[in-house]
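Breakdown of the fold
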Amino acid sequence: MKLFRTRRFDQTHRHREIYSLYELIYSAVDLLAAVAFIIGSILFFYKSLMEAGTWLFLIGSIFFALRPTVRMLRELHLAALSRNEPEEAETSSGFQG
């Protein structure tokens, strides 16, 4: 099974749907990581909020670690769809015979 093939994402309509869903998840994780780091950085300016800032840095780091996980899950999902492609092609071709 080859992963990260550049054209796998648009093989079928279902591939495009799955790819789009994972891109949305990836972007949300990316945004949450950035927000956690920004807020954590602001909290670090105040000694009384430094512990909360540290927790936000940890949470942001976890979100950044999730990014490659989301990409790998996307590729595994798309690869699994590709293995089942003949059945999908028959059902999505419009042929009712």
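So, here is what we can say about the structure in this document. What you see is a predicted model, and the numbers here were worked out from it, not measured in a lab.

1. Here's the deal with the packing of aromatic side chains
Tallying each qualifying case throughout the model produces three aromatic pairs. With 5.4 Å between their ring centres and 40° between their planes, F37 and F57 make a pair best called tilted. Note that F37 is positioned in helix α1 (residues 13–43) and F57 in helix α2 (residues 50–83), a separation of 20 residues in sequence. We classify F37 as partly exposed; its relative accessible area is 26%. Of the residues examined, F57 reaches a relative accessible area of 21% and is grouped as partly exposed. Considering the side-chain rings of F44 and F57, the 5.2 Å spacing of their centres and the 50° angle between planes classify their relative orientation as tilted. Taken together, the positions of F44 in the loop between α1 and α2 and F57 in helix α2 put the pair 13 residues apart, joining distant regions of the chain. Chaining the aromatic ring pairs together yields one cluster made of F37, F44, F57 and F64.

The rules behind each value
Residues numbered from 1 in each chain as written. Predicted model: local features only at pLDDT ≥ 70, side-chain atom pairs only at ≥ 80, totals over all residues. Heavy atoms only, no water. Phe/Tyr/Trp six-rings, centres within 6.5 Å; stacked < 30°, edge-to-face > 60°. Helix = DSSP H or I, 4+ residues; strand = E, 2+ residues; numbered from the N terminus. Buried < 20%, exposed > 50% of the residue type's maximum accessible area, 1.4 Å probe, protein only.

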